[in-house]
Amino acid sequence: MNDTSFDSRDCGTCPIRHRAVCSRCEPDELDHLDDIKYYRTYEAGQPVIWAGDPMEFVASVVTGIATLSQTMEDGRTQMVGLLLPSDFIGRPGREHAPFDVVAVTDLTLCCFRKKPFETLMGSTPSIGGRLLQMTLDELDSAREWMLVLGRKTAREKIASLLMIIARRDAALHKRLPKDGMEFDLPLTREAMADYLGLTLETVSRQISALKKSGVILLQGKRQVQIPDLQRLVSETGDDVDGGAIF
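What counts, and at which threshold
In this convention, every chain numbers its residues from 1, walking through the sequence in written order. Per-residue local features of the predicted model are confined to residues with pLDDT of at least 70, and side-chain atom pairs are confined, for both listing and counting, to 80 or more; whole-chain, interface and lining totals are unaffected and use all residues. Processing note: side-chain calculations cover all non-hydrogen atoms of the structure and skip hydrogens and water entirely. A pair of strands is considered paired only if DSSP assigns at least 2 bridges between the two. Helix numbering and strand numbering both begin at the N terminus, where a helix is a DSSP run of H or I of at least 4 residues and a strand a DSSP run of E of at least 2. Working convention: axes come from line fits to C-alpha atoms, limited for helices to the stretch in contact. Angles between N-to-C directions cover 0 to 180 degrees. Contacts between residues were defined by any pair of non-hydrogen atoms, one from each residue, lying within 4.5 Å. Two rings from Phe, Tyr or Trp (for Trp, the six-membered ring) form a pair when their centres are within 6.5 Å of each other. A pair whose planes differ by under 30 degrees is stacked, one over 60 is edge-to-face, and the rest are tilted. Charges are assigned to positions over rings by a cutoff of 6 Å between ring centre and Lys NZ or Arg CZ, combined with an angular limit of 35 degrees from the ring normal. Categorising residues by exposure relies on relative accessible area from a 1.4 Å probe, with only protein chains included: less than 20% of the type maximum marks a residue as buried, more than 50% marks it as exposed, and the intermediate range marks it as partly exposed.

A.B. asks: What should I look at first to understand the sheet that holds strand E11 (residues 217-219) in this one?
C.D. replies: By way of backbone hydrogen bonds, the strands of a sheet pair with one another, either parallel or antiparallel. In spatial order, the strands read E10-E12-E11; together these 3 strands make up an open sheet with antiparallel pairing. Both outer strands of the open sheet, strand E10 (181-184) and E11, are each paired with one neighbouring strand and no more. Strand-to-strand twist of the sheet, defined as the mean angle between neighbouring strand axes without regard to direction, takes the value 25°. Bridge count for E10 against strand E12 (residues 223-226) is 4 bridges, and the pairing is antiparallel. Each residue of the ladder has a partner; that of Phe 183, found in E12, is Val 224. Here helix H4 (residues 154-172) sits on the sheet and contacts E10 and E12; the angle it forms with E10, its principal contact strand, is near 100°.

A.B. asks: Teacher, can you tell me more about the packing of aromatic side chains here?
C.D. replies: Two descriptors summarise a pair of aromatic rings, namely the distance from one centre to the other and the angle between the planes of the rings. For the structure shown, the criterion picks out 2 aromatic pairs. Aromatic rings pair up to connect Phe 88, Phe 112 and Phe 117 into one cluster. The ring of Phe 57 carries the charged tip of Arg 40 above its face, separated from the ring centre by 5.1 Å.

A.B. asks: Help me out: how do you make sense of the pairing of strand E4 (residues 57-63) in this one?
C.D. replies: Two faces make up the sheet, and in a regular strand the side chains alternate between them. Buried residues dominate E4, accounting for 6 of its 7 residues. With 6 bridges connecting them, E4 and strand E9 (residues 107-113) associate as antiparallel partners. Bridge assignment links Thr 63 to a residue of E9, and that residue is Thr 108. Across 2 bridges, the pairing between E4 and strand E7 (residues 88-89) is antiparallel. Directly across from Ser 60, in E7, lies its bridge partner Phe 88.

What follows is the structure in structure tokens.
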């Protein structure tokens, strides 16, 4: 782990400003946050914190991807969540980390010292309100993921994960795709297999099948192009009933 002089130290130019826990803050409130914040960077594969460790900070993911995972007594590990840009790490009022947090890619965090942040929440309703909304969104995502893991086929799981990443990428960059979109896949196929409860071979086979049928296009190892979002939605098994995709 290293401290970093992240380019967007000015909150007004931060790439996640519109989605982060501070998105509703007024300029004077941002000044208070600035007094207790600092940046940390982690290399891919480096742990941010282990389950059970004392939580001395809370943080927003600025760039990169991290995983949430839990290890059982016999050593088996289950990935239980992904942390994407603008996601929040830590819980005010909780003293210890409930999950392992590990960087999947190079990771930059905007950290806040935990005790001062908890104090600031009491005097800054915009922070508490935004954090509540983010927590409820996280709960909705967890319920959605229960369906993905519990009921969907391997092909539907892969399509669902791609759709989740596509939605987040569009929201982060403030764009509503018309005919399609493209994004860099943040996970290796091994990580996707771990997250989805599939074998590496199954993941590779289903990605190849989606590519062969024209649902996705691959450029290099990581860039994914989606020519027709509705086709990808139809592969997820979800019944959107003509509703909005994003």
